[in-house]
Amino acid sequence: MYNSNICFNCFCEKPFSDRPCPKCGYNHNPNNLPKNCLVPGTMLKNKRYVIGNPIGIGGFGITYKCLDLQIGGVCAIKEYLPANISGRRTGECNVFVQDGYLERFNKMMRSFANEANLLKTLRHKNVITSYDSFFENSTAYYVMEYCDGIDLRRYTNNFSRRLDKDEGMNILRQVMDGLEYVHARGILHRDIAPDNIYITSNRTVKILDFGSARSEMDQLYRELSVIIKVGYAPIEQYGGKGKQGHFTDIYALGATFYHLFTGRMPLESTQRVSEDKLVPLSQLRPDLPDNLKFCLERCMVVSKTGRVQDIGEMRRILDHAEPYSSRPPYPPNPPYPPYPPQPISRSDRGDVRYPDRVRPASPHASSGGRAPLSSRVLANLIDSAIFGTVYLCILIPVFVWGGWLAGLLVLMLYPIFSFLINSLFEVLMNRTLGMLMLGLIVMNKKGGFADPGMLFLRNALKMLGVFILLSWDGNDLLEDRITNTAVYINK
């Protein structure tokens, strides 16, 4: 427990611990602490972070304002704590899980940690920045910048004030910039809403609360969880099995700004399927530019095929009748985030003078980096041993019952057998059995899943049996350079 006389809201020294802070007026009362929250003053991660006032409590976790003693700056920490299956006893730090839910809790916690690693690769002025993640108190945490501002719900006084044209376009374009950056890295936000868009004290717009973020490509391998926010969720998010994409966030973005411009909550997408009674923007806000009204209505089309598909298409619609010179200017932004980021590895480094220009690595690269050549050789040897053993079990009966000629013919087919099996494993799992045992994974160099055709070509080149090293930095082999793929450590 941190014993200094500090305010757990602004983290300034105050003369008396039992009186309100003379600077911000906050008066800590332990009797009014919300359920399941850590007590302010609790230390985390080897006494580096001091827990302060809880600033957000949701169904999946709690967000605290914190002081980083190592850096000396204020940050925010999000704690994984699903309220429906877990909790915390009064005066304790450790989280308990209700009977029968431990496996589900652990599975969701691993997903939370993976998302934290993914978010640490994002560096954009309009996206919340995440710096650190760790496990403690039988749960998981990640550290992000603290936004001194308010969300769009409070900014519009709970929608009682409608945004005017210039103000709304300024905010919309900043959200589009951030969302376009996120989508380019294969991530869906899946919870765009006024509550998750902040305006900071220097008028910068920030997209936050990526607790529902998932890699787009994960849809090929597992069913996405259902996260519904009534009024903003498109039809494909209901049921959990509909294909989702950039157009999923586009619908939520259109619905958000429909609400902000009109002050009227959009009809739920499920209510618009049989008969669409959504009142057009042209009736509610005739003063808005035609291209803006048309763009937002196209974003909110119920059918995902008839909807605006990505941010680029939104820009083309908005810019069609609006010359560049008439756009409201963006507010000035500081050249650095308010809270120093973690060191960036050599392979992930862009222009470190400008955090916005850091080249993001794939989630797998960020968690473990490029796999060393020795691990890749060992993975190939393991594959050869496994497939050789399996093939030998097939070959011996063929020699015994089919004769020498049949045995030699089957033996000659071994390279093709190995090539097909390895390629199949890489297409389905992005790794061979040897890579799986060593915790390695094949990705393309932009951080997404590799094209199946490139994976077959990789294995065709590996059949040569020769390791041709083209670049020591990153352990590039011939197959990596030709197919534009790489092997990463998958932590």
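What you see is a predicted model; the values in this text were computed from it and never measured. (Residues numbered from 1 in each chain as written. Predicted model: local features only at pLDDT ≥ 70, side-chain atom pairs only at ≥ 80, totals over all residues. Heavy atoms only, no water.)

### Let's talk about the pairing of strand β7 (residues 130–136)
Within a regular strand, the side chains alternate between the two sheet faces.
Alright, step 1. The element β7 is extensively covered by neighbouring structure, given that five of its seven residues are classed as buried.
Alright, step 2. In terms of strand pairing, β7 meets strand β8 (residues 139–145) through six bridges, oriented antiparallel. Looking across to β8, one finds that D132 is bridged to V143.
Alright, step 3. Counted between consecutive antiparallel strands, the loop separating β7 from β8 contains two residues, among which N137 sits at a positive phi close to 60 degrees. (Buried < 20%, exposed > 50% of the residue type's maximum accessible area, 1.4 Å probe, protein only. Helix = DSSP H or I, 4+ residues; strand = E, 2+ residues; numbered from the N terminus. Pairing = 2+ DSSP bridges.)

### As for the pattern of salt bridges
Side-chain pairs of opposite charge can arise whenever the charged atoms involved come near each other.
Alright, step 1. Tallied over the full model, the rule gives 16 salt bridges.
Alright, step 2. A salt bridge links D68 to R48, with the shortest nitrogen-to-oxygen separation between them at 2.9 Å. With D68 in strand β3 (residues 61–68) and R48 in the loop between β1 (43–44) and β2 (49–57), this pair connects stretches of sequence that are 20 residues apart.
Alright, step 3. With a closest N to O distance of 3.4 Å, K293 and D290 form a salt bridge. Linking K293 with D290, this pair stays in helix α6 (residues 290–299), spanning three residues, or about one helical turn.
Alright, step 4. Shared partners join several salt bridges into a network, and the residues in it are D177, E180 and R315. (Salt bridge = Lys/Arg side-chain N within 4 Å of Asp/Glu carboxyl O.)

### Quick word on the sheet that holds strand β11 (residues 197–200)
Alright, step 1. Here we have three strands laid out as an open sheet, ordered β9-β11-β12, and antiparallel in their pairing. The open sheet has two edge strands with one neighbour each: β9 (149–151) and β12 (205–207). In this sheet, adjacent strand axes meet at a mean angle of 30 degrees when their direction is disregarded.
Alright, step 2. Of the strands in this sheet, β11 and β12 touch helix α3 (residues 165–184), which is tilted by about 40 degrees from β12. (Axes fitted to C-alpha atoms, helices over the stretch in contact; angles between N-to-C directions. Contact = heavy atoms within 4.5 Å.)

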